[in-house]
Amino acid sequence: MTDLPRSQHIIASGLVAAVGVAVAYISYTQKPADAFLFPRLISTVFVVLALWTFGKAVLGRTKVGNGLSREAMINILPGFIVALIYVFWAAKALGFYTASTIAFFILLTLYDPAPHSELRTWIKRAIITAGFLVVMYGLFALLLNVFTPKEILF
């Protein structure tokens, strides 16, 4: 069983590297080129780091710890499902900001250890989500002038 954490690390870092390469490829082949300047920069850095991590995992030069237990994977699963729905459907169907806000609120609700029976914690979650939306809008629309998927709301 001592190879299980290393295998998990190799598989996970390989998947992240593959996604990184795909995202970088897409960002370098899409038009208009100006709209993809920021994604190109970020995806290039992402690919370099992901390939580095994957290489270290394959060579056995990473400190992998004990790997993920079945319980940890079950805890991660709801967030993974929300992320898949966001990436493959919600961002395009609902618009970037609307889908990001909904996904962030759901993830915050799923993983926030505060009790779900108190109004105060729901208000806190709503305020944190609103702050997240303001930061996202300020970063992408105002600071970077990056185009985001637009649909229903904005």
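See above for the structure.
Because the structure is a prediction, the values reported are computed rather than measured.

What counts, and where the lines are drawn
Residues numbered from 1 in each chain as written. Predicted model: local features only at pLDDT ≥ 70, side-chain atom pairs only at ≥ 80, totals over all residues. Heavy atoms only, no water. Helix = DSSP H or I, 4+ residues; strand = E, 2+ residues; numbered from the N terminus. Buried < 20%, exposed > 50% of the residue type's maximum accessible area, 1.4 Å probe, protein only. Contact = heavy atoms within 4.5 Å. Areas by Shrake-Rupley, 256 points an atom, 1.4 Å probe, with all protein chains shown as cover. Lys, Arg positive; Asp, Glu negative; His and termini not counted. Charge placed at Lys NZ, Arg CZ, Asp CG, Glu CD. Core = buried A, V, L, I, M, F, W, Y, C linked by side-chain atoms within 4.5 Å. Expected span 1.5 Å × (residues − 1). Axes fitted to C-alpha atoms, helices over the stretch in contact; angles between N-to-C directions. Left-handed = near helix turned anticlockwise from the far one by under 90°. Nonpolar A, V, L, I, M, F, W, Y, C, P; charged D, E, K, R; others polar. Phe/Tyr/Trp six-rings, centres within 6.5 Å; stacked < 30°, edge-to-face > 60°. Lys NZ or Arg CZ within 6 Å of the ring centre and 35° of its normal. Parallel < 35°, antiparallel > 145°, perpendicular 65-115°, else oblique.

Participant: Talk me through the overall build of the chain; I want residue IDs and the actual numbers.
Facilitator: A tally of helices and strands in the chain yields five helices and zero strands. Reading the chain from its N end, one meets helices and strands in the order α-α-α-α-α. Counting only C-alpha atoms, the chain reaches 50 × 50 × 25 Å along its principal axes. The buried share of the chain, reckoned over its 154 residues, is 25%. In the chain, once contacts between residues fewer than 6 apart in sequence are set aside, the share between residues at least 24 apart is 65%. With the model as given, the accessible surface of the chain reaches about 10,800 Å², and the carbon-plus-sulfur share is 74%. The distance from the centre of the 12 positive side-chain charges to the centre of the 6 negative ones in the chain is 8 Å.

Participant: Which residues make up the nonpolar core, and what values do they have?
Facilitator: Core analysis: the biggest nonpolar cluster contains 12 residues, these being Val82, Tyr86, Ala90, Ala91, Leu94, Phe96, Tyr97, Ala99, Ala103, Met136, Phe140 and Val146. For this core, the secondary-structure elements that each account for two or more residues are α3 (70–94), α4 (96–111) and α5 (119–143). At five residues, α3 tops the list of elements feeding residues into this core.

Participant: An account of helix α1 (residues 3–29) is needed here, citing residue identities and associated values.
Facilitator: In this model, α1 (27 residues) spans 39 Å end to end at C-alpha, consistent with the 39 Å of a helix rising 1.5 Å per residue. Every buried residue of α1 is accounted for by Pro5, Gln8, Ser13, Gly14, Ala17, Gly20, Ala24 and Ser27. Looking at the buried residues of α1, the elements they touch are α2 (37–59) and α3.

Participant: Which residues make up the packing of α4 against α5, and what values go with them?
Facilitator: Orientation of α4 relative to α5, taken along the N-to-C sense of each, is 145 degrees, at an axis distance of 9 Å. The interaxial crossing formed by α4 with α5 has right-handed handedness. Contacts from Phe96, Tyr97, Ser100, Thr101, Phe104, Phe105, Leu108 and Thr109 of α4 reach α5 at Trp122, Arg125, Ala126, Ile128, Thr129, Phe132, Leu133, Met136, Tyr137, Phe140 and Ala141. Of the residues that constitute the contact of α4 with α5, the class distribution is 14 nonpolar, four polar and one charged.

Participant: Tell me what's going on with the packing of aromatic side chains, and back it up with residues and numbers.
Facilitator: Within the structure shown, the criterion is met by four aromatic pairs. Both rings, one in phenylalanine 96 and one in tyrosine 97, keep their centres 5.1 Å apart while their planes meet at 75 degrees; by these two values the pair is edge-to-face. Clustering of aromatic rings is evident, with ring pairs tying together Phe96, Tyr97 and Tyr137. Above the face of the tryptophan 122 ring, arginine 125 is positioned so that its terminal group lies 4.8 Å from the ring centre.

Participant: Can you tell me about the packing of α1 against α2, naming the residues and giving the values?
Facilitator: Between α1 and α2, the shortest axis-to-axis distance is 8 Å and the interhelical angle comes to 155 degrees. Comparing the axis directions of α1 and α2 gives the class roughly antiparallel. α1 and α2 meet at a crossing whose hand is left-handed. For the contact of α1 with α2, the residue count by class is 17 nonpolar, eight polar and two charged.

Just geometry here; none of it tells us what the structure is for.
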